Amino acid sequence: MAVAASTATPERVIVPKPKWRPLESERNLAWLLLLPTMVLLGLFIAYPFMRGLMLSVTDSRVGVPGEFVGLDNFRKLAVDPIFHAVVWNTCLYTLVTTIFKLALGLWLALLLNRTFKFKAFTRAFILLPFIIPTVLSTFAWKWMFDPTFSVLNWMLYQTGMIRVAINWLGDGDLAMLSIIIVNIWRGVPFFAISLLAGLQTISPDLNEAAAIDGARPWQRFWHITWPLLLPVTMVVVLFSVIQTFADFQIVYVMTGGGPANATHLFATYAYQLGVGTGLLSQGAAVSLAMFPILLLIVIAQLLYIRRVEVR
Amino acid sequence: MATVSIREVHKHYDDFHAVKGVSLEIKDHEFVVLVGPSGCGKTTTLRMVAGLETITEGRVLIGDTVVNELPPMDRDIAMVFQNYALYPHMSVYDNMAFGLKMRKFDKAEIKRRVDNAADILGIKDHLHRKPRQLSGGQRQRVALGRAIVRNPQVFLFDEPLSNLDAKLRVQMRVELKKLHQRLGTTAIYVTHDQVEAMTLGDRVVVMKDGLIQQVGEPLDLYNTPANKYVAGFIGSPAMNFADVIIAQNGSGLVAANNAIKIGVPEHLTAPLGAHVGMPATFGIRPEDLRIADGSEPSTQTFEAVVEVAEQLGSEILLDVSCGPNSMVASVDPTVRVKPGEKIRLAFNPKRAHFFDGTTEAAVRG
Amino acid sequence: MIEGEAWRRWVYFRIPLALFLIFLLFPFYWMVITTFRPDGELYRPWRAVNYTPFWTWNPTLDHIKYLFSETMFATWMWNTMFIALASTVISLFCGVLAGYALSRLNFPFAGSLGTGIFITYLVPQTLLFIPLSEIIRNYKLGDTPWSLILTYPTFLIPFCTWLMMGYFKAVPKELEECARIDGASRWQAMLYIIIPVAVPGILSAGIFAFTLSWNEFIYALVFLSSPEQKTVPVGVVSELIRGDVFFWGPLMAGALLGSIPVAIAYSFFVEHYVSGLTGSVKG
């Protein structure tokens, strides 16, 4: 301390011993605050994940601690025709529903972005499919698709579009169509409300300036609204893809994976193997097989989102 | 109330050296203003005194206590922030009482102090309101009130007026000055506005790039700036500069470039003698320029071309070009000139400044 | 923004919006009408004469009575409510503290921990239910509400943390700096200043977490077995379907009543729910 030494008169300097306040250190406080979260997530996410990995390389069944069998479970899956169908079904289900949810959700968001009477009210009602417990609302759909008492068939018949009853859930392709419809129905509100929030952050000045520059409504959407909405859209799609890929409730209630395994997804097949028939290790292998695919989707999307945001 | 000593203080953020050895002794009751452009380290210095930033190197003393290791709560200081930082969920009363509650004052004493501060600041009628119901000026007063109820050792101000509109800013400036005269609490005030610095400060500290450029009373900085940076920063409109070469001319010196050729005033001839043949900067404030009436020696005039004449009523600001340099001259409101007109400007030789061409330090007689 | 004649407004706005509303809300209407329709009308082939699917002239409470007398529906409601509230409270507690630490404190690994939380936010429940069921059994938590109260936070905490980080980031840092200078410790500044300011965010996270746990199905399905421990969705599935016989009247009544608490909670906090929803997808 060159300056302190150079002062002519020796001065009285108190260097107080600071009181012991461990939580004034950002580091200590941060770890303390994170402790409960890390304990819970460690116990019920990280640990089960490791357990799942270990299970999937044994041949355990309910009540029978298994032996190490290496990658046998995955080898079995590789030649399991049902598993092949599961992979195909899940991809188809995810792709088709995501496209429709995005298109319809965006359309609905654009409609809601106008000013009209009862707007808040309408918005509140639109979210209902997303709020109401999925299992319960899916039962309403199952009842609407009932082979004998289907109200949808009645409507189609009354309007002259069909002559004989459609067995919605009895045919593989129709069953797939049915669960896709229900998933779209449940997912559109989430897309619409999230995209609406995104739309509301776009300054109306931009659209007005473009209109003055002579852009038609469609051009305005394509050159202004859509690019500005893209970051939000990507995140919404990311969430939806993951949820849809891992979907369980809708299929479990509507078809249980049938008819003849035509609508099994990863989760329902894992449930059937692991809980239904007690083949824990095989069930664990099926659900873990989701992980690398999900990881790829997440990484791809996050990279894309980052690129969009940088631009 | 106390002195504040800042001794050889440094602040490093990762690889950015924000404060590069600042030393400053602030006397009891003194109002010191740190002024400089954004990124000059003035706010970082203030935050180190407050305890909101750790001190990488050096020492800060409040009174005779080294406070480096003390958390802000133990430093007995008060701070007013640029955005006021009023607690939005508390009433004005609770905002002002919070610091006292934290220090476990009893209820009656809290009420007495808050009422007293509210009285001084004229916000007695708003004590039950929430901050969002107040105007900008009222919020500013609450922020001040929160600081004064505690009767702390030191007040710290971080650009407290810059969120106010121009008119209110002038008014609050005066009130702040009155408040300080009344309370006499030691204060450190950070601003980027040199007018605020000049009007409020007992002493002003000009900073740039993490270093102190000059410390002094406002008029000292104005009249005898230590270097070209301070000269240009203090004063509005800013000091005019022209890059020149110093040359010998008989017994005297001349400073010249391709547009002007002026005589070096006598009191500067000796110190500038060492600069002969070297570049320097000539500086002159706008109010030290006037239209030449022919009575001046030609060594104290130079030619310029009028570009714009700004009529301010009490004066006219002439924007002129003078070779490669633009200059501003503050002239008598009766002067009539047209854009494009060639004029001769005369300068007051006693108030001419010269700065070293490389170090930019002022050359003084 | 709407230009031109009235027909444009109909074609481009009113009709599409009406169709959307019908598509999105019809299943709920169907739920309601089925709940109050007597069995005789319910199981009538759709080509029968006088078939009026959208209305009933003989409303009945039989299905609801059945639900409360023949099943443990009241218990399921209570279980679901208790589990949802308890797991929401735990998740809010953890999420608020973690969100505060990750958004407002500087400490080593803050960034990677934030990313880690975001990634767990993306882990779907269906990935882990089999090993989790084993662990639950080992901890002797199987068939108790605690099996859900402790596992629901695994997907609620990441969500709450993420949402709260967004809210906390929006609070100016000067607020807590000022509090600390006013004499508060970091802990007190958080408790008395920052958390009260973030109450709207806490409400959003809470209402959203509540609906998510009310909605949860697969953990409840796998971890609970005895009827008196079940939640509404699981109880409805397992006790109102016998083999391939569906008791549609009570099923729909159960679906309707089971939705009401969420719907009520939602209706009180629509704005908070929406900001939670949109906040959850913002970075």
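None of the values given here were measured: they were computed from a predicted structure.

**Notes on helix α8 (residues 153-170) of chain C**
Residues spaced three or four apart along an α-helix face the same direction, because each turn holds 3.6 residues.
Logical step 1: Taking 1.5 Å per residue, 18 residues should reach 26 Å; α8 of chain C reaches 25 Å between its end C-alpha atoms and fits that length.
Logical step 2: With 16 of 18 residues buried, α8 of chain C lies mostly within the body of the structure.

**Details of the pairing of strand β18 (residues 325-331) of chain B**
Residues and elements named next belong to chain B.
Logical step 1: Sheet topology places strand β17 (residues 316-322) next to β18; seven bridges connect them, and they run antiparallel. The partner of valine 320 across the bridge, within β18, is methionine 327.
Logical step 2: Counting the residues between successive antiparallel strands, the hairpin from β17 to β18 contains two residues, one of them, glycine 323, with a positive phi of roughly 65°.

**Here we look at the domain arrangement of chain B**
All names here are of chain B.
Logical step 1: Splitting chain B by domain gives domain 1 (4-233) and domain 2 (240-363).
Logical step 2: The gap between the C-alpha centroids of domain 1 and domain 2 is 39 Å.
Logical step 3: Domain 1 puts seven residues into the contact, and the matching count from domain 2 is eight residues.
Logical step 4: Class assignment for the residues of the side of domain 1 that touches domain 2 results in four nonpolar, two polar and one charged.

**Re the sheet that holds strand β4 (residues 57-62) of chain B**
All names here are of chain B.
Logical step 1: Across the sheet, which stays open at both edges, the four strands sit in the order β2-β1-β4-β5 with antiparallel pairing between neighbours. Taken across any chain shown, the strands that pair with only one partner, and hence form the sheet edges, are β2 (16-26) and β5 (65-66).
Logical step 2: Across eight bridges, the pairing between strand β1 (residues 4-13) and β2 is antiparallel. Residue pairing across strands places histidine 10 opposite lysine 20, the latter belonging to β2.

**Some details on the sheet that holds strand β10 (residues 211-216) of chain B**
Residue and element names in this part refer to chain B.
Logical step 1: The mixed open sheet is built from six strands, whose spatial order is β6-β7-β8-β3-β9-β10. The open sheet terminates on both sides in strands that have one partner only, identified here as β6 (77-80) and β10. Within this sheet the neighbouring strands show an average axis-to-axis angle of 15°, counted without direction.
Logical step 2: With five bridges connecting them, strand β7 (residues 154-158) and strand β8 (residues 186-191) associate as parallel partners. Paired with phenylalanine 157 across the two strands is tyrosine 189, which belongs to β8.
Logical step 3: Strands in contact with helix α4 (residues 136-148) are β6 and β7; relative to β6, the strand with the most contacts, it is inclined by about 175°.

**Digging into the domain arrangement of chain C**
Residue and element names in this part refer to chain C.
Logical step 1: Once the domains are mapped, chain C shows domain 1 (6-60) and domain 2 (64-280).
Logical step 2: A separation of 33 Å is found between the C-alpha centroids of domain 1 and domain 2.
Logical step 3: Contacts between the two partners involve six residues from domain 1, matched on the other side by seven residues from domain 2.
Logical step 4: Residue assignment for the side of domain 1 that touches domain 2 shows that the elements contributing at least two residues are α1 (6-35) and α2 (39-42).
Logical step 5: With four residues, α1 is the single largest residue contributor to the side of domain 1 that touches domain 2.
Logical step 6: Grouping the constituent residues of the side of domain 1 that touches domain 2 by class yields three nonpolar, two polar and one charged.

What counts and what doesn't
Residues numbered from 1 in each chain as written. Chains lettered and ligands numbered in written order. Predicted model: local features only at pLDDT ≥ 70, side-chain atom pairs only at ≥ 80, totals over all residues. Helix = DSSP H or I, 4+ residues; strand = E, 2+ residues; numbered from the N terminus. Expected span 1.5 Å × (residues − 1). Buried ≥ 20, exposed ≤ 12 C-beta atoms within 10 Å, placed from the backbone. Pairing = 2+ DSSP bridges. Domains from an automatic or database assignment. Contact = placed C-beta atoms within 7 Å. Nonpolar A, V, L, I, M, F, W, Y, C, P; charged D, E, K, R; others polar. Axes fitted to C-alpha atoms, helices over the stretch in contact; angles between N-to-C directions.

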